[in-house]
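A structural walkthrough
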Amino acid sequence: MTMIFGIPLQALLGQLLIGLINGSFYALLSLGLAIIFGLLRMINFAHGAQYMLGAFTAYLLLTFAGIGYWVALILAPVIVGVLGAVVERLFLRRLYDLDPLYGLLFTFGLALTLEGAFRYVYGASGQPYATPSALAGGTNLGFMFLPIYRGWVVVVSLVVCIATWFLIEKTKLGAYLRAATENATLVQAFGVNVPVLLTFTYGLGVALAAFAGVLAAPVYQVSPLMGSNIIIVVFAVVVVGGMGSIMGSIVTGYMLGIAEGLTKVFYPEASNIVIFVIMAIVLLIRPAGLFGREA
Amino acid sequence: MTALLEIRGLNAWYGESHILHGVDMQVGEGEMVTILGRNGMGKTTTLRSIVGILRKRQGEIRLAGRDLMQVPLHRTAHHGLGYVPEERGIFASLNVLENLMLPPSVGEGMKVEEIFELFPNLYERRNSPGTRLSGGEQQMLAIARILRTGVKVLLLDEPTEGLAPVIVQRIGEVLKKLKERGMTVVLVEQNFRFAARVADRFYLMDHGQMVSEFPVGELPERMDMLHKVLGV
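Definitions and limits used
- Residues numbered from 1 in each chain as written.
- Chains lettered and ligands numbered in written order.
- Predicted model: local features only at pLDDT ≥ 70, side-chain atom pairs only at ≥ 80, totals over all residues.
- Buried ≥ 20, exposed ≤ 12 C-beta atoms within 10 Å, placed from the backbone.
- Helix = DSSP H or I, 4+ residues; strand = E, 2+ residues; numbered from the N terminus.
- Pairing = 2+ DSSP bridges.
- Right-handed = clockwise from strand over helix to strand, strands pointing away.
- Expected span 1.5 Å × (residues − 1).
- Contact = placed C-beta atoms within 7 Å.
- Nonpolar A, V, L, I, M, F, W, Y, C, P; charged D, E, K, R; others polar.

**Some words on the pairing of strand β8 (residues 184-188) of chain B**
Residue and element names in this part refer to chain B. β8 sits mainly inside the fold: 5 of its 5 residues count as buried. Neither face of β8 is exposed, since T184, V186 and V188 on one face and V185 and L187 on the opposite face are all buried. Pairing analysis gives 4 bridges linking strand β3 (residues 32-36) to β8, with the strands arranged parallel. Across the sheet, residue T34 finds its bridge partner in β8, namely L187. Pairing of strand β7 (residues 153-157) with β8 involves 5 bridges; the strand directions are parallel. In the sheet register, L156 faces β8, and the bridge partner there is L187. Considered for its hand, the β-α-β crossover made up of β7, helix α7 (residues 165-180) and β8 is right-handed.

**Structural notes on helix α7 (residues 194-216) of chain A**
Under the 1.5 Å per step criterion, the end-to-end length of α7 of chain A is 33 Å for 23 residues, consistent within 8% with the ideal 33 Å. Burial within α7 of chain A is extensive, with 20 of its 23 residues counted as buried.

**Topic: the interface of chain A and chain B**
Contact residues are listed per partner, giving 14 residues for chain A and 19 residues for chain B. With 9 residues, helix α6 (residues 172-189) of chain A is the largest single contributor of residues to the side of chain A that touches chain B. In the side of chain A that touches chain B, the residues fall into 7 nonpolar, 5 polar and 2 charged.

**Considerations on unusual backbone geometry**
Negative phi characterises most residues that are not glycine, and trans characterises most peptide bonds. Residues and elements named next belong to chain B. Unusually for a residue other than glycine, R88 sits at a positive phi of about 75°. Along the polypeptide, R88 turns up in the loop between β6 (81-84) and α3 (96-101). The exposure class of R88 is buried, given the 22 C-beta atoms found within 10 Å. Phi at H207 is positive, roughly 45°, even though this residue is not glycine.

**Comments concerning the pairing of β6 of chain B**
Sheet faces and side chains relate simply in a regular strand, where the side chains alternate between the two faces. Residues and elements named next belong to chain B. Residue alternation in β6 divides its side chains into two sets, L81 and Y83 and G82 and V84, and both sets are buried. Direction of pairing for β6 relative to β7: parallel, over a ladder of 4 bridges. Bridging across to β7, Y83 finds its partner in L155.

Below, the structure is given as structure tokens:
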């Protein structure tokens, strides 16, 4: 068997793949957080709950309407994104002029409420969600066994991340978003309806979280607390990447996922804390984050 | 001459402090009017209140007869009002072309080719980040970007501040071109030698009010008074 640094190649690649999959979820989630924080200047603590909501929407669509994975992959993010837009219209909008702490408290409360409600109905244990048949099974790459669904997660999350980056960096809508992030009042004086832009942005960020939730449903189980488990790590990713940096959150998401996977190979005991150690180091050396603009 | 922009009894507040105390001002179509005044007398506040960035305001603001007081901020541009702030508002995360194309068109504005003809520097640097431009180029970009939208009235806050004399002259030429095109301009300026070259009429502002108003022809005889009030 091939060995690298005394580690079997297969174990190394296997953990690398797991790291890449975790990284895909980190990237999608931190991207949504970064978009929301960039424009709304609000830390969306409900992000994990909205990820969970995406997974549950897919589960409920399947259970009660017989709607399968492929449709749910589009429909669930749309439903949860619209719910997010409604929350922005009814509640978040009233908090923009107040201390940022209010937004933080509100979204934290929203997360607790959502998770509590689902736990009340479904209990803390997970509901299974089957891998779609087209992506079931695996393929032998010669050096390792690749479950097809996991490969799909990595590819599709990368595509969605790049598409979102393109939307923000290369389109007219993205130019409005970037400009409004810098100076919303002036953009509004130019004749752009910034309040609608804010609603759209929050909806988009939430939809990304829900999309990650649907992707995650067959990998992990659909459980009310799946969001609160992952969101703490995602906040660390956002801090390392730099608050509000789009490319930063994508790259950092994958990087830290891989770092976590590799740590599992070389020093498994540290794998749960490695991201936080990296966060502490980055905060010491570059407080604005790896990709953040120094304030 | 009928007034295109008409302001009556305008009061405005920043929080608790009462800044504008009943500003009256009329600007005719195609006219270039300059507001003079020392720092802190309410010139910028007047512009910000007209655009509607400052919402704590009372009084009357009419553009072509239409009441602007109830119009939300993101609709004022669509009524034909363009605003170039003192800090110019060039976006760092947008390149020059994106900055130029950012404000939505609201009428028959200048074509992009015309703009690049008028400002060749902007064409050369169209792919650089907006804030990499020099101060003068940023000011040109800030003006150009509003010209593209086709607004009828341009509110321009201290366009020459901190710029080299050569650039100031260049901005003067641009303003003259705008005038030829029939653009209505309200200019806030400290530099009244610059303003004298382009303005038709002056308002002098003191403690949140217009204290006098005179055409450019009367400027020489008012020099002493202006020196005293402006402290220059």
